[in-house]
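One letter stands for each residue in the lines below.
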Amino acid sequence: MAYRWTNNLTRNDVTPERYFLNRRQVMAGAAAGIGLVGAGASAQAQDALEPNSWEDITEYNNFYEFGTDKSDPASYADALTIDPWSITIDGLVDRPGDYDFKDVMAEMTVEERIYRFRCVEAWSMVIPWNGFELADMLAMAGVQEQAKYVRFETLYRPDEMRGQRAGWIDWPYVEGLRLDEALHPLTIMATGIYDRPIPKQNGAPLRLVVPWKYGFKSIKSIVKITLTDEEPVNTWKALQASEYGFFANVNPEVDHPRWTQATERKIGGGLFSPRVPTLMFNGYEDEVASLYEGMDLRTHY
Ligand code: MTE
């Protein structure tokens, strides 16, 4: 296990080189005036990886299992028991079973990833996650050839998760990815923030992070992962398919039916901070656009 948050490396030491390269490329692109949608976007790209504060990240949350207000998760998530914790991995895998979280951690390499995080509600943050690549965890279980999708499930425990006593969502919360999205090196299981174990309101002990997709894909407090050959029905699509799709790729050109997705409000910028342009695939276009070649992103929203 490589718990890099327990040693004294600086953020620069642990961020993989490719993300520094990407940042340099973005800045070079901004200087040359290419590849970006305008001066505002250039400015955003340049400061985009300046992380939000611990308070921003842990006190303004969506985690409906604890309530619908942004402050509910921080107020009520303490009731959740996260030790012991195991994750069932089943479906089209060679080694199905219940994997103890500690045993998984013993096999994984934890590193820091500073990612933009863009909610479908049009607010955004920059979060310094600690985590490991989902691909490494799936390799533990051995993905079979017929698998095409990965389905994720959150814990169902209404006695600890007070929001689950309300029936407006068909609990447990479910999300899904295409297998190639799940295996992409940007896709991580986050287990920490700012070199500290991930707080319960952010999805302890492990949650998905898919930085080029709207935040609702990044399912929290995962207890089950199923490899399947059918597209999983995700919670928000099940609730309102005309507004929330399976792909949920950040796309400034495809508006939500009730609001624009062309711009976003950066959390922590103060009440009067101007909205900034949203970037295609949340700024990860170079890395992920090829996954969707030939697809109509308006119908596959
Ligand atoms: N996962 C579960 N289980 N339940 C939720 O309500 N909310 C999603 C996502 N994952 C949610 C969830 C939404 S809408 C967003 S924007 C992000 O979590 C918020 O993550 P954060 O609170 O860590 O910023």
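Further up the page is the structure itself.
These lines cover the structure that appears in this document, whether it is placed above or below. The model shown is predicted, which means the values in this text are computed figures rather than measured ones.

1. Points about the overall build of the protein chain
Looking only at helices and strands, the protein chain features ten helices and twelve strands. Burial statistics for the protein chain: of 301 residues in total, 52% are counted as buried. Here the analysis covers contacts within the protein chain between residues at least 6 apart in sequence; of these, 71% occur between residues at least 24 apart. Working note: accessible area of the protein chain is about 13500 Å², and carbon and sulfur atoms make up 50% of it.

2. What about the environment of V233?
On the secondary structure map, V233 appears in the loop between β10 (222-228) and α9 (235-239). Since its relative accessible area comes to 57%, V233 is described here as exposed. For the pair V233 and V174, spaced 59 residues apart in sequence, the C-alpha separation works out to 7.4 Å.

3. Quick look at the site of the ligand
Taken together, 16 residues lie around the ligand, and N61, Y64, E65, T154 and K220 are the ones closest in. Interatomic distance of 3.0 Å between a side-chain N/O atom of N202 and an oxygen atom of the ligand. Contact between the ligand and K220: an oxygen atom at 2.7 Å from a side-chain N or O atom of the residue. In isolation the ligand has 530 Å² of accessible area, and contact with the protein removes 99% of it. Looking at the shell around the ligand residue by residue, the class counts come to seven nonpolar, six polar and three charged.

4. Description of the sheet that holds strand β5 (residues 149-154)
Pairing in this open sheet of five strands is mixed, and the strands run β2-β1-β10-β5-β6 from one edge to the other. Each edge of the sheet is formed by a strand with only one pairing partner; in this case those strands are β2 (97-100) and β6 (174-178). Sheet twist, expressed as the mean angle between neighbouring strand axes with direction ignored, is 20 degrees. Where strand β1 (residues 86-91) and β10 come together, four bridges link them in parallel fashion.

5. A short note on the nonpolar core
W129, M137, F152 and I225 are the most contacted members of the largest nonpolar core, which has 74 residues in total. Looking at which element gives the most residues to this core, the answer is strand β4 (residues 123-133), with five residues. Apart from residues no more than four positions distant in its own chain, I225 is found in contact with I87, T88, I89, D90, M137, L138, V150, R151, F152 and M189.

6. Some points on the pairing of β5
Most of β5 is tucked away, with five of its six residues classed as buried. Here six bridges tie β5 to β10, and the two strands are oriented antiparallel to one another. Looking at the pairing, E153 lines up with K224 of β10.

7. A closer look at the pairing of strand β7 (residues 188-193)
The element β7 is largely enclosed, with a buried count of six among its six residues. Alignment of β4 against β7, held across five bridges, turns out to be antiparallel. When the bridges of β7 are listed, E133 appears paired with I188. Relative to strand β9 (residues 207-209), β7 is paired through three bridges, and the arrangement is antiparallel. The residue bridging A190 from the neighbouring strand is R207, located in β9. Inspection of the sheet shows β7 paired to strand β8 (residues 196-197) by two bridges, in the antiparallel sense. Bridge pairing links I193 to R196 in β8. The turn linking β7 back onto β8 is made up of two residues, and Y194 within it adopts a positive phi angle of 50 degrees.

Conventions adopted
Residues numbered from 1 in each chain as written. Predicted model: local features only at pLDDT ≥ 70, side-chain atom pairs only at ≥ 80, totals over all residues. Heavy atoms only, no water. Helix = DSSP H or I, 4+ residues; strand = E, 2+ residues; numbered from the N terminus. Buried < 20%, exposed > 50% of the residue type's maximum accessible area, 1.4 Å probe, protein only. Contact = heavy atoms within 4.5 Å. Areas by Shrake-Rupley, 256 points an atom, 1.4 Å probe, with all protein chains shown as cover. Near = heavy atom within 4 Å. Polar contact = N/O pair within 3.5 Å; in protein donor to acceptor, adjacent residues only side chain to side chain. Nonpolar A, V, L, I, M, F, W, Y, C, P; charged D, E, K, R; others polar. Pairing = 2+ DSSP bridges. Axes fitted to C-alpha atoms, helices over the stretch in contact; angles between N-to-C directions. Core = buried A, V, L, I, M, F, W, Y, C linked by side-chain atoms within 4.5 Å.

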